[in-house]
Amino acid sequence: MCKAFFVILVIGTITGLTYLLSKKNGGDIRVVWYLSALTAMIVFFVAKIAIGTGVIVGDEFVGEYGKLLSHFTGIMLDFKKDFLIVTCIASLVLVPQFICYLLSGLSGNAKPPMLMGIVLSFFFWGIIKSLVVCASILMTLWGLYFFGYIPTSDETSWFFLKAGLSFLLLAFGIISLYREGEQLANWVGEHVPKLRAIHKCFTRNEKASSSGEAVNAVDVLELSQSLMRLTSDIHRIALKYRESAKGSK
C-alpha cells in the first residue's frame, strides 16, 4: 500500500510539474523525454544482447565483457561524479568573473560577467541530463525484471523503480526551479533600485562601446572557453590514470 501511494504521489507530482512547464517551456519537456527514451532503448537492447550471449546470467555479470559492462553501468549511474565535474567546470568560469566584477567595480571599471547565462544553463542541464540518464537506466532495469528478462529480488526491483522515479522527479523539479529562477532574476534586476545603483556605480568609468573593450571582452571569452576545455582534458586524463592503476593491480 505504501509503495503504491509513493508511486502515485511521484507520478502525480511529475505530471503537475510537466503541466506547469508546458505553458512556456515545452522544449524542456521534449528534451527530457527524448533523452529518457533514448537511454531506455540503449539499455534495453544492450541488456537483451548481453543476456542472449551469456554476459549477464541471472542478475550477475560474467566474464571480461561482463566486467566491462558492469563498470560502464557504474559510470553511468555515478551521479555524484557527474555533479562534481559539472560544478567544477561552471565554478572555474563563473567564480573568477564574479570576483573580477567586484574588484573592478571598486574603481568603476566593472563589466557584467560574461557567459553567465550560458554557464548556468550548462550547469543545470548537465545535472538534469545525469538525473534523467540515471532514472532511465534504473526504470529500464525495473522493466526488464517486471517482464521476466532478468531475475532479481522484489526488494531490488522496488529500489530500481523508487530510485528511478525519484531521479526523474528531481530532474523536473530542477527544471522548474531553473525557469522560475530566471524570471525572478529578471524581476529583481528591473524592480530593485539598489542593485541597479550598485551596478551603475561599479561601471561608472566604462563606456558602452569601445574598440579596446571589445578586444578585452573577446579575450575573457576565449580564456573562459579555454578553462572549460582544460578541465575536460584533466578529467579525461584522470580517468585514464585510474583505469591504468586498476589494470596494474
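Structure: see above.
Residues numbered from 1 in each chain as written. Predicted model: local features only at pLDDT ≥ 70, side-chain atom pairs only at ≥ 80, totals over all residues. Heavy atoms only, no water.

**Quick look at the overall build of the protein**
In terms of helices and strands, the protein carries 8 helices and 2 strands. Beginning at the N terminus, the succession of helices and strands in the protein can be written as α-α-β-β-α-α-α-α-α-α. Here the protein holds 249 residues, and 30% of them are scored as buried. Taking the intrachain contacts of the protein between residues at least 6 apart in sequence as the baseline, contacts between residues at least 24 apart amount to 77%. Within the structure as shown, the protein displays about 15,900 Å² of accessible surface, and the carbon and sulfur contribution to it stands at 71%. (Helix = DSSP H or I, 4+ residues; strand = E, 2+ residues; numbered from the N terminus. Buried < 20%, exposed > 50% of the residue type's maximum accessible area, 1.4 Å probe, protein only. Contact = heavy atoms within 4.5 Å. Areas by Shrake-Rupley, 256 points an atom, 1.4 Å probe, with all protein chains shown as cover.)

**Digging into the nonpolar core**
Core analysis: the biggest nonpolar cluster contains 29 residues, and Val-32, Val-119, Ile-128, Leu-168, Phe-172 and Ile-175 have the highest contact counts within it. Of all elements in the fold, only helix H1 (2–22), helix H2 (26–52), helix H4 (79–105), helix H5 (116–146) and helix H6 (154–191) reach the threshold of two or more residues within this core. When residues of this core are assigned to their parent elements, the largest contribution, 9 residues, is made by H6. Grouped together as the second largest cluster of nonpolar side chains are 10 residues, Ala-47, Val-133, Leu-138 and Phe-160 included. (Core = buried A, V, L, I, M, F, W, Y, C linked by side-chain atoms within 4.5 Å.)

**Remarks on the pattern of salt bridges**
In total, this model carries 1 salt bridge according to the counting rule given. Here Asp-28 makes a salt bridge to Arg-179, at a shortest N to O gap of 2.7 Å. Residue Asp-28 is found in helix H2, and its partner Arg-179 is found in helix H6; the two are separated by 151 residues along the sequence. In terms of burial, Asp-28 and Arg-179 fall into one category: buried. (Salt bridge = Lys/Arg side-chain N within 4 Å of Asp/Glu carboxyl O.)

**Here's the deal with the environment of Phe-167**
Relative to the helices and strands, Phe-167 is located in helix H6. Overall, the relative accessible area of 23% leaves Phe-167 in the partly exposed class. For the pair Phe-167 and Cys-134, spaced 33 residues apart in sequence, the C-alpha separation works out to 7.0 Å. Not counting the four nearest positions on each side in its chain, Phe-167 is found in contact with Leu-131, Cys-134, Ala-135 and Leu-138.

**Structural notes on the packing of H2 against H5**
The contact between H2 and H5 brings their axes to 8 Å, and the two run at 45°. In terms of their interaxial angle, H2 and H5 are classed as oblique. In the crossing of H2 with H5, the sense of the turn from one axis to the other is right-handed. Here Asp-28, Val-31, Val-32, Leu-35, Ser-36, Thr-39, Ala-40, Val-43, Phe-44 and Ala-47 of H2 come into contact with H5, specifically with Trp-125, Ile-128, Lys-129, Val-132, Val-133, Ser-136, Ile-137, Thr-140 and Leu-144. Taken together, the residues of the contact of H2 with H5 sort by class into 13 nonpolar, 4 polar and 2 charged. (Axes fitted to C-alpha atoms, helices over the stretch in contact; angles between N-to-C directions. Parallel < 35°, antiparallel > 145°, perpendicular 65-115°, else oblique. Left-handed = near helix turned anticlockwise from the far one by under 90°. Nonpolar A, V, L, I, M, F, W, Y, C, P; charged D, E, K, R; others polar.)

**Some thoughts on the packing of aromatic side chains**
Following the criterion strictly, the structure yields 11 aromatic pairs and no others. Here the aromatic rings of Phe-6 and Trp-158 are separated by 5.9 Å at their centres, their planes lie at 75°, and the arrangement is edge-to-face. A residue pair is termed long-range when its members are at least 10 positions apart, and Phe-6 in helix H1 and Trp-158 in helix H6 qualify at 152 residues. A centroid spacing of 6.3 Å and a plane angle of 35° characterise the contact between Phe-79 and Phe-83, whose relative ring orientation is tilted. (Phe/Tyr/Trp six-rings, centres within 6.5 Å; stacked < 30°, edge-to-face > 60°.)

**Quick word on the environment of Glu-206**
Turning to its location among the elements, Glu-206 is positioned in the loop between helix H7 (193–202) and helix H8 (211–248). What makes Glu-206 buried here is its relative accessible area of 18%. Sequence-wise, Glu-206 and Asn-109 are 97 residues apart; in three dimensions their C-alpha atoms are separated by 5.7 Å.

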